[in-house]
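# Breakdown of the fold
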Amino acid sequence: KYIGVILVPPSLVITSFIFIHKLEQLSLRVRGLFFVIPLLNLCSALTGFPYPFAHHPAIHFDMGIPMYTYEKGFGFLFNAGYSYAVILFTCYLLYIRAIKSPKIYRLQSMFVFLGCSVTMMLNILFVTGLFGALYIDTKPVSILLTLLIFYWGVYSLPVSMIIPYARNLVIENMSDLVFIVDNADQLIDINPAAR
């Protein structure tokens, strides 16, 4: 769990740089810097070095269900702060991409931005307890939803949305006559040249 939660935010920001076509502007050294704090936090979670991650870990039973409890240490708070800062930075990058995208890509960019932002906000609401006390950790669910939305927005949405839009643009701007008919040979649409 800790490996996934700690290493996913920097992986998400690197993936976002790939999506917005700006990865080449980051040197390998700068890309590696995104992983320094998560690796320190992982060492802290596993060994307690260089700073304590949690204090007084204990297992107790609540209605027969084993519960792992602990007091949050500096490492836990540092990791949470860093993770949310990186995710907010990612949302900012995706937002800039969404508003600067050409019209043909704007829907895809807005979908990715809103999907990542909404899952992050839902996770914050669950973590802060605004939806009541839950006996599960919602971070892995939130991360999984974010990754699924990101994957669908980057790989599936273009096929269903961008390709038809692009075809329509091509047909509208062709000098050839284009007549579109249905199965019953009824005229549905024509391009400007045919008009």
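Preceding block: the structure.
The text that follows walks through the structure, step by step, so that each part is easy to find. (Residues numbered from 1 in each chain as written. Predicted model: local features only at pLDDT ≥ 70, side-chain atom pairs only at ≥ 80, totals over all residues. Heavy atoms only, no water.)

## Examining the environment of Tyr2
Looking at the element boundaries, Tyr2 is found in helix H1 (residues 2–19). Tyr2 gets classed as partly exposed once you look at its relative accessible area, which sits at 25%. The sequence separation of Tyr2 and Tyr84 amounts to 82 residues, and the corresponding C-alpha distance is 15 Å. (Helix = DSSP H or I, 4+ residues; strand = E, 2+ residues; numbered from the N terminus. Buried < 20%, exposed > 50% of the residue type's maximum accessible area, 1.4 Å probe, protein only.)

## Some words on the packing of aromatic side chains
Counted according to the given criterion, the structure contains 11 aromatic pairs. With a centroid separation of 5.4 Å and an interplanar angle of 15 degrees, the aromatic rings of Phe74 and Phe78 are classed as stacked. Of this pair, Phe74 and Phe78 both sit in helix H3 (residues 74–100), separated by four residues, roughly a single helical turn. Residue classification places Phe78 among the partly exposed positions, given a relative accessible area of 31%. (Phe/Tyr/Trp six-rings, centres within 6.5 Å; stacked < 30°, edge-to-face > 60°.)

## Some thoughts on helix H5 (residues 139–173)
When the terminal C-alpha atoms of H5 are compared, their 48 Å separation across 35 residues agrees well with the 51 Å that a helix rising 1.5 Å per residue should span. Of all the bends found along H5, the most pronounced is centred on Leu157 and spans about 55 degrees, while Pro158, a proline, follows it within four residues. Those residues of H5 that sit buried are Ser142, Ile143, Thr146, Ile149, Phe150, Gly153, Val154, Leu157, Pro158 and Ile162. (Expected span 1.5 Å × (residues − 1). Bend = angle between axes of the 7 residues up to and from the residue.)

## Looking at the packing of H1 against H3
The relative placement of two packed helices is expressed as an angle between their axes plus a distance between the axes. Look at H1 against H3: their axes get within 9 Å of each other, and the N-to-C directions meet at 15 degrees. Judged by the inter-axis angle, H1 sits roughly parallel to H3. When you trace H1 past H3, the crossing you get is left-handed. Residue-level inspection shows Val5, Ile6, Pro9, Pro10, Leu12, Val13, Ser16, Phe17 and Phe19 of H1 in contact with H3, the latter providing Asn79, Tyr82, Ser83, Val86, Ile87, Phe89, Thr90, Leu93, Leu94 and Arg97. Class assignment of the residues belonging to the contact of H1 with H3 gives a composition of 14 nonpolar, four polar and one charged. (Axes fitted to C-alpha atoms, helices over the stretch in contact; angles between N-to-C directions. Parallel < 35°, antiparallel > 145°, perpendicular 65-115°, else oblique. Left-handed = near helix turned anticlockwise from the far one by under 90°. Contact = heavy atoms within 4.5 Å. Nonpolar A, V, L, I, M, F, W, Y, C, P; charged D, E, K, R; others polar.)

## Topic: empty space enclosed by the protein
Inspection of the entire model under this criterion finds one cavity of 30 Å³ or more. As a volume, the largest cavity reaches approximately 320 Å³. Here the element with the most residues in the lining of the largest cavity is H3; it accounts for seven residues. When grouped by side-chain class, the residues that make up the lining of the largest cavity number 16 nonpolar, six polar and three charged. (1 Å grid on protein atoms, 1.4 Å probe; cavity = no way out; pocket = protein on both sides within 12 Å on 5 of 7 lines; lining within 4 Å. Points joined across faces, edges and corners; volume = space filled by probe spheres on them.)

## What to know about the packing of helix H2 (residues 28–47) against H3
Two elements in contact, H2 and H3, have axes whose closest approach is 10 Å; the angle formed by their N-to-C orientations is 155 degrees. The angle between H2 and H3 places the two elements in the roughly antiparallel class. Judged by the twist between their axes, the crossing of H2 over H3 is left-handed. Contacts between H2 and H3 involve Phe34, Ile37, Pro38, Asn41 and Ser44 from the former and Gly75, Phe78, Asn79 and Tyr82 from the latter. Classifying every residue of the contact of H2 with H3 by side-chain character gives five nonpolar, four polar and no charged.

Interpretation in functional terms is not warranted from these geometric data alone.
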